[in-house]
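The residues making up each chain are set out below.
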Amino acid sequence: MTVTLETQQSAGPVAEVAPAERTTAGDTAPRRPSLSPSRAADFKSCPLLYRFRTIDRLPERKSKAAVRGTLVHAVLEKLYDLPPAGRTVEAARTLVEPAWAELREEPGVAELFAALPEGEVSADEDGLDGWLASAGELVETYFRLEDPTRIQPHGREELVEVTLPDGLLLRGYVDRLDVAPTGALRVVDYKTGGVPREAFEAKALFQMKFYALVLWRTRGVVAAQLKLLYLKDGDALTYSPDEAELLRFERTLQAIWAAIERAVATGDFRANKSRLCSWCDHQALCPAFGGTPPPFPADAAAAAGWRTTLPLTVTG
Ligand code: SF4
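What comes next is a walk through the structure.

How each quantity is defined
Residues numbered from 1 in each chain as written. Predicted model: local features only at pLDDT ≥ 70, side-chain atom pairs only at ≥ 80, totals over all residues. Heavy atoms only, no water. Helix = DSSP H or I, 4+ residues; strand = E, 2+ residues; numbered from the N terminus. Expected span 1.5 Å × (residues − 1). Buried < 20%, exposed > 50% of the residue type's maximum accessible area, 1.4 Å probe, protein only. Phe/Tyr/Trp six-rings, centres within 6.5 Å; stacked < 30°, edge-to-face > 60°. Salt bridge = Lys/Arg side-chain N within 4 Å of Asp/Glu carboxyl O. Pairing = 2+ DSSP bridges. Axes fitted to C-alpha atoms, helices over the stretch in contact; angles between N-to-C directions. Parallel < 35°, antiparallel > 145°, perpendicular 65-115°, else oblique. Contact = heavy atoms within 4.5 Å. Near = heavy atom within 4 Å. Nonpolar A, V, L, I, M, F, W, Y, C, P; charged D, E, K, R; others polar.

### Looking at helix H6 (residues 128–145)
When the terminal C-alpha atoms of H6 are compared, their 26 Å separation across 18 residues agrees well with the 26 Å that a helix rising 1.5 Å per residue should span. When we look at burial in H6, the residues that qualify are Gly130, Trp131, Leu132, Ser134, Ala135, Gly136, Leu138, Val139, Thr141, Tyr142, Phe143 and Leu145.

### Description of the packing of aromatic side chains
Inspection of the entire model under this criterion finds 12 aromatic pairs. Note on Trp100 and Phe113: the rings are 5.8 Å apart at their centroids and 90° apart in plane angle, and the pair reads as edge-to-face. With Trp100 in helix H5 (residues 96–103) and Phe113 in the loop between H5 and H6, the pair connects residues that are 13 residues apart, well separated along the chain. Here Trp100 matches Phe113 in class, with each residue buried. Three or more aromatic residues joined by ring pairs form one cluster here, namely Phe43, Tyr50, Phe269 and Phe296.

### Quick notes on the pattern of salt bridges
In the structure shown here, the tally under the stated rule is 18 salt bridges. Here Lys209 makes a salt bridge to Glu245, at a shortest N to O gap of 3.1 Å. Remark: Glu245 occurs in helix H8 (residues 243–266) and Lys209 occurs in helix H7 (residues 198–219); sequence separation between them is 36 residues. The same class applies to Lys209 and to Glu245, which are both buried. With a shortest N-O distance of 3.8 Å, Glu261 and Arg307 are connected by a salt bridge. Residue Glu261 is found in helix H8, and its partner Arg307 is found in the segment after helix H9 (298–303); the two are separated by 46 residues along the sequence. According to the relative accessible area criterion, Arg307 is exposed, its value standing at 66%. One salt-bridge network, in which partners are shared between bridges, spans Glu146, Arg176, Asp178, Arg186 and Lys227.

### What to know about the pairing of strand E4 (residues 225–230)
With 6 of 6 residues buried, E4 is to be regarded as a mostly interior element. Burial along E4 is two-sided: Gln225, Lys227 and Leu229 and Leu226, Leu228 and Tyr230, pointing in opposite directions, are all buried. Pairing of strand E3 (residues 185–191) with E4, which is carried by 6 bridges, proceeds in the parallel orientation. Residue pairing in the sheet places Asp189 in a bridge with Leu228 of E4. In this antiparallel pair of consecutive strands, E4 and strand E5 (residues 235–239), the connection spans 4 residues, and Gly234 shows a positive phi of 65°.

### Details of the packing of helix H1 (residues 37–45) against helix H2 (residues 47–55)
Packing of H1 against H2 leaves a shortest axis separation of 5 Å and a crossing angle of 140°. The angle between the axes of H1 and H2 places the two elements in the oblique class. Facing H1, whose interface residues are Arg39, Asp42, Phe43 and Ser45, H2 presents Pro47, Leu49, Tyr50, Arg53 and Thr54.

### Details of the site of the ligand
Inspection of the region around the ligand gives Cys46, Leu49, Ala271, Asn272, Lys273, Cys277, Cys280, Gln283, Cys286 and Phe289 as its neighbouring residues. Taken together, the residues of the shell around the ligand break down into 7 nonpolar, 2 polar and 1 charged.

### What about the sheet that holds E4?
The mixed open sheet is built from 5 strands, whose spatial order is E1-E2-E3-E4-E5. In this open sheet, the two edge strands, each paired with only one partner strand, are strand E1 (155–163) and E5. Here the strands of the sheet are splayed against their neighbours by 40° on average, with no regard to which way each runs. When E1 meets strand E2 (residues 169–179), the two strands line up antiparallel, connected through 8 bridges. Note on E2: the bridge partner recorded for Glu161 is Arg171. Most of the contacts of H6 go to E4, to which it runs at about 140°, and overall it touches E2, E3, E4 and E5.

### Focus on the pairing of E5
Taking burial as the measure, the 5 residues of E5 include 4 buried ones, the bulk of the element. Pairing of E4 with E5, which is carried by 5 bridges, proceeds in the antiparallel orientation. Residue Tyr230 lies in a different strand from E5, and its bridge partner there is Asp235.

If you want it as structure tokens, here you go:
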């Protein structure tokens, strides 16, 4: 395997995909409250959204875009089960149907596609056939960005986690981790959206720096390259962090965590209205949209290991 350190950066449309948590089979729940890149991003963009997702654990609708992302990730993961010479575009496309057959068993997935009258197919991206075809196109685009016959991943869909000296548990899933014979690390993330505009690059790299920090703290090696592959545009964004930057990033995460702990202790999670609200399932409960959040679930928070100063229900 070769770790190439090319730099490809370009501007383009932002991927308008609702944030979604990974639903990897065999996922293990954290032993205690932890911080993942997506939940840290939630709190940064809207503390109330963080509360709804992480503390209240309110259900959310699945979107076709998010499910397509999960499907494409599954196909690219399985592609690397094949022997190197067999990792062709054709082979990858044949993986779409079985991956979909597995995915459609998950709650709320099959319901995304209204049944058509028997014998009728929809080539529209909104219909299942068109949607599956669009997933196949994203898979095909992947081959313009990398040659999978020349890559032997060290890890796929790999859980990485570390407890920092102050007790903060960081956890996340890396799409792919490559290790060169020299020991150089490359962290690869597949995005089914387009390349972000410049202003959003920092946001895209937040997740990658998170992984780089965890890997640095667990392996003592700063990743040589963080690589985001944007399958909609067929483009890539690469970045090479350094130690000083990861140290600063660690302090940023600690500050976010301290703010989350304060919010949980008091139950005070503010709504922060932004363009992300368009994808939020909780507008009906959000004060920014005239709603009222349910009472803060202090008992559930305490049971999950959070420290809270709020009164708890006394039982027994
Ligand atoms: S609607 Fe907007 S402000 Fe309200 S919880 Fe959702 S993201 Fe936050």
